[in-house]
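Structure at a glance
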Amino acid sequence: MTSVLRLKCMKCGTEYDPGESRYVCPKCGNDGILEVLYDYDRIRRNFTRRTLQNDPEFSMWRYLALLPVERRPTSLTLQIGWTPLYASQRVGPALGLDHVWFKDDGRNPTASLKDRASAIAIAKAAELGEHVLTAATTGNAGSSLAGLAANAGVEAYIFAPASAPAGKIAQLRVFGSHLFLVDGNYDQAFDLCMEATEQFGWYNRNTAFNPYMVEGKKTVALEIAEQLAFEAPDKVIVPVGDGCIISGAAKGFRDLLAIGLIDHMPELIAVQAEGCAPIAEAVISGKPITYLEDPTSCADSIVAGIPRNHLMAVRDIRASAGLAVTVSDDEIIDAIGFLGRNEGIFAEPAAAASVAALRKLADSGDLHKDDRTVVLITGNGLKDVQNALKVNGTAMTIPPRIDAVERAIAEGF
Ligand SMILES: *Cc1c(COP(=O)(O)O)cnc(C)c1O
Ligand SMILES: [Zn+2]
């Protein structure tokens with residue numbers, strides 16, 4: 001038995017039994033995102049520092065007691081989660097910051113944080129006896145679901161914009177999902193996926209619409225806290241598209257506060273791209289969100305003009321006393337190189353947006369020397385080499401002769 005008590009609508013507050021509503025609140029429609037409420041007294045009794053110390057499971061399933069599923073699906077054998085948290089070696093010092101960590105979620109099986117949510121989708125589908133799943137994606141949610149579905153032996157129908165980076169499309173092809181490349185943007189692919197779900201009755205993994213995806217994503221916060229010996233960081237920087245990862249982080253830290261494993265809530269810092277910043281603008285202005293019809297950025301994973309989880313994300317950023325910041329595409333490309341050359345960590349553009357924000361906030365004085373700051377690296381750079389190749393100009397080509405090497409070195413190469 002899980003420790004889930006109820007599902008509560010974000011908008012109208014109506015509570016449902018977990019078996020009663022599979023997706024959003026029936027009264028509020030797609031804005032009625034459901035939040036999963038737990039019996040923390042029950043969790044506290046059998047999930048402690050001591051049980052964790054004795055747990056040999058180093059993956060997201062380590063936190064099963066805090067998850068909305070009965071068990072790890074036996075068919076899903078890929079290792080998801082327990083990604084490294086690296087103390088910064090040169091980026092922090094270069095910015096005058098003493099305590100910076102990078103949580104490298106590009107180390108997940110399909111190379112993005114999305115695997116944490118897809119794993120829950122696979123587990124939920126198995127519990128419900130569903131064998132066909134679907135998702136709309138900018139690239140990572142889909143390649144993640146496709147990979148995990150292939151591992152677990154279930155089917156997946158994926159809707160991705162045809163403009164998605166080649167690396168992500170390659171993953172989708174390799175993992176053998178039914179792939180629809182939609183001649184349109186992510187927001188349109190999302191709406192189409194919703195219509196198709198209704199028509200064909202597939203199990204839907206769509207972010208926000210499926211209330212359990214945030215629960216998977218929250219495991220990144222659980223890991224960060226445990227990797228820091230339950231001294232919660234002061235600040236966590238999160239790239240934001242639909243707003244599910246940031247709400248997942250908030251939920252993870254809230255869970256740990258509720259069961260007494262940490263003693264303060266980190267401030268959540270949301271990063272968006274200048275060409276697609278509806279959530280950041282809502283946080284900064286205090287006004288309701290304005291959707292974007294034609295969002296653009298090189299950071300494809302955070303290009304969501306209609307952020308599906310905006311209500312929860314804005315609420316969570318505010319409640320954490322956090323803030324929002326926007327970064328330009330040039331700053332993002334630059335940050336890919338800055339992180340790569342100083343730490344040996346390769347981030348895709350959306351993930352490097354976190355690093356661009358770190359830099360910006362260090363310069364503006366919003367981050368202090370003593371702040372304990374975790375930067376989420378949400379996806380690996382090999383997913384999008386086209387943008388990575390813009391870093392550091394063009395590579396040198398030489399004839400296969402030693403004098404060419406000598407000359408280059410003499411010229412200060
Ligand atoms: C999905 C994704 C994000 C944004 O997550 P949201 O839940 O949409 O806010 C950020 N970075 C990467 C690499 C992603 O795949
Ligand atoms: Zn409702």
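Preceding this section is the structure that the text describes.
Just so it is clear, the structure is predicted and the values come from calculations on it, not from any experiment.

1. Some points on the overall build of the chain
Scanning the chain for helices and strands turns up 16 helices and 13 strands. In terms of overall size, the chain behaves like a compact globule, its C-alpha atoms giving a radius of gyration of 21 Å where 413 residues would be expected to give roughly 22 Å. The buried share of the chain, reckoned over its 413 residues, is 59%. Relative to all contacts within the chain whose residues are 6 or more apart in sequence, the contacts with residues 24 or more apart total 71%. As displayed, the chain has an accessible area near 17000 Å², and 51% of this comes from carbon and sulfur atoms.

2. Focus: the sheet that holds strand E10 (residues 235–239)
Hydrogen bonding along the main chain pairs the strands of a sheet, whether they run parallel or antiparallel. Strand order in the open sheet formed by six strands is E4-E5-E13-E10-E11-E12, and the pairing between neighbours is mixed. Each edge of the sheet is formed by a strand with only one pairing partner; in this case those strands are strand E4 (85–87) and strand E12 (323–327). Taken pair by pair, the neighbouring strands of this sheet meet at an average axis angle of 25 degrees, ignoring direction. As paired elements, E4 and strand E5 (residues 99–104) share three bridges and run antiparallel to each other. The partner of Ala 87 across the bridge, within E5, is Trp 101. Relative to E5, helix H9 (residues 219–227) is tilted by about 135 degrees, and along the sheet it contacts E4, E5 and strand E13 (372–377).

3. What to know about the coordination of the zinc ion (ligand 2)
Protein coordination of the zinc ion (ligand 2) is provided by Cys 9 (SG), Cys 12 (SG), Cys 25 (SG) and Cys 28 (SG), with donor distances spanning 2.3 to 2.4 Å. Taken together, the four donor atoms coordinating the zinc ion (ligand 2) and their angles of 104 to 114 degrees define a geometry best described as tetrahedral. Between the donor residues of the zinc ion (ligand 2), the gaps in sequence give the motif C-x2-C-x12-C-x2-C. For Cys 25, a relative accessible area of 0% puts it in the buried group.

4. Brief notes about empty space enclosed by the protein
In this structure the tally under the stated criterion is two cavities of 30 Å³ or more. Each pocket or cavity is described by its volume, and for the largest cavity that value is around 290 Å³. The biggest single contributor to the lining of the largest cavity is helix H10 (residues 244–258), with three residues. Computed from the structure, the second largest cavity encloses a volume of approximately 60 Å³. If you trace the second largest cavity, you find it lined by Leu 34, Glu 35, Val 36, Pro 211, Val 214, Glu 215, Ser 247, Lys 251, Arg 254, Met 312, Arg 315 and Asp 316. Classifying every residue of the lining of the second largest cavity gives five nonpolar, one polar and six charged.

5. Considering the packing of aromatic side chains
Aromatic ring pairs: the centre-centre distance and the angle between the two ring planes describe each pair. On inspection of all chains with the given rule, the structure shows 10 aromatic pairs. Relative to Phe 209, the ring of Tyr 23 has its centre 4.5 Å away and its plane inclined at 15 degrees; by these criteria the two rings are stacked. Residue Tyr 23 is located in the loop between strand E2 (15–16) and strand E3 (34–38), and its partner Phe 209 is located in the loop between strand E9 (203–204) and helix H8 (213–217); the two are separated by 186 residues in the primary sequence. The exposure class assigned to Phe 209 is buried, which follows from its relative accessible area of 13%. The interplanar angle of 25 degrees and the centroid separation of 4.8 Å between the aromatic rings of Phe 159 and Phe 180 together place this pair among those described as stacked.

6. Observations concerning the sheet that holds E9
Strand order across the open sheet formed by four strands is E8-E7-E6-E9, with parallel pairing between neighbours. The open sheet has two edge strands with one neighbour each: strand E8 (178–182) and E9. In this sheet, E9 lies alongside strand E6 (residues 132–136) in parallel orientation, the contact comprising two bridges. Paired with Thr 134 across the strands is Asn 204, a residue of E9.

7. Focus on helix H6 (residues 166–174)
For H6, the set of buried residues is Lys 168, Ile 169, Gln 171 and Leu 172. Along H6, the residues classed as buried sweep out an arc of 155 degrees about the axis, all on the same side. Residues of H6 that are exposed and point more than 90 degrees away from the buried face comprise Ala 166, Arg 173 and Val 174. Buried residues in H6 make contact with helix H5 (140–152), strand E7 (155–161) and E8.

Thresholds, definitions, all that
- Residues numbered from 1 in each chain as written.
- Chains lettered and ligands numbered in written order.
- Predicted model: local features only at pLDDT ≥ 70, side-chain atom pairs only at ≥ 80, totals over all residues.
- Heavy atoms only, no water.
- Helix = DSSP H or I, 4+ residues; strand = E, 2+ residues; numbered from the N terminus.
- Rg over C-alpha atoms; globule rule 2.2 N^0.38 Å.
- Buried < 20%, exposed > 50% of the residue type's maximum accessible area, 1.4 Å probe, protein only.
- Contact = heavy atoms within 4.5 Å.
- Areas by Shrake-Rupley, 256 points an atom, 1.4 Å probe, with all protein chains shown as cover.
- Pairing = 2+ DSSP bridges.
- Axes fitted to C-alpha atoms, helices over the stretch in contact; angles between N-to-C directions.
- Donors = N, O, S within 2.8 Å, 3.2 Å for Na, K, Ca; no water.
- Tetrahedral: all angles 85-135°; square planar, octahedral: opposite > 155°, others 65-115°.
- 1 Å grid on protein atoms, 1.4 Å probe; cavity = no way out; pocket = protein on both sides within 12 Å on 5 of 7 lines; lining within 4 Å.
- Points joined across faces, edges and corners; volume = space filled by probe spheres on them.
- Nonpolar A, V, L, I, M, F, W, Y, C, P; charged D, E, K, R; others polar.
- Phe/Tyr/Trp six-rings, centres within 6.5 Å; stacked < 30°, edge-to-face > 60°.
- Arc of directions from axis to C-beta.

Note that all results are geometric; they support no functional claim without further evidence.
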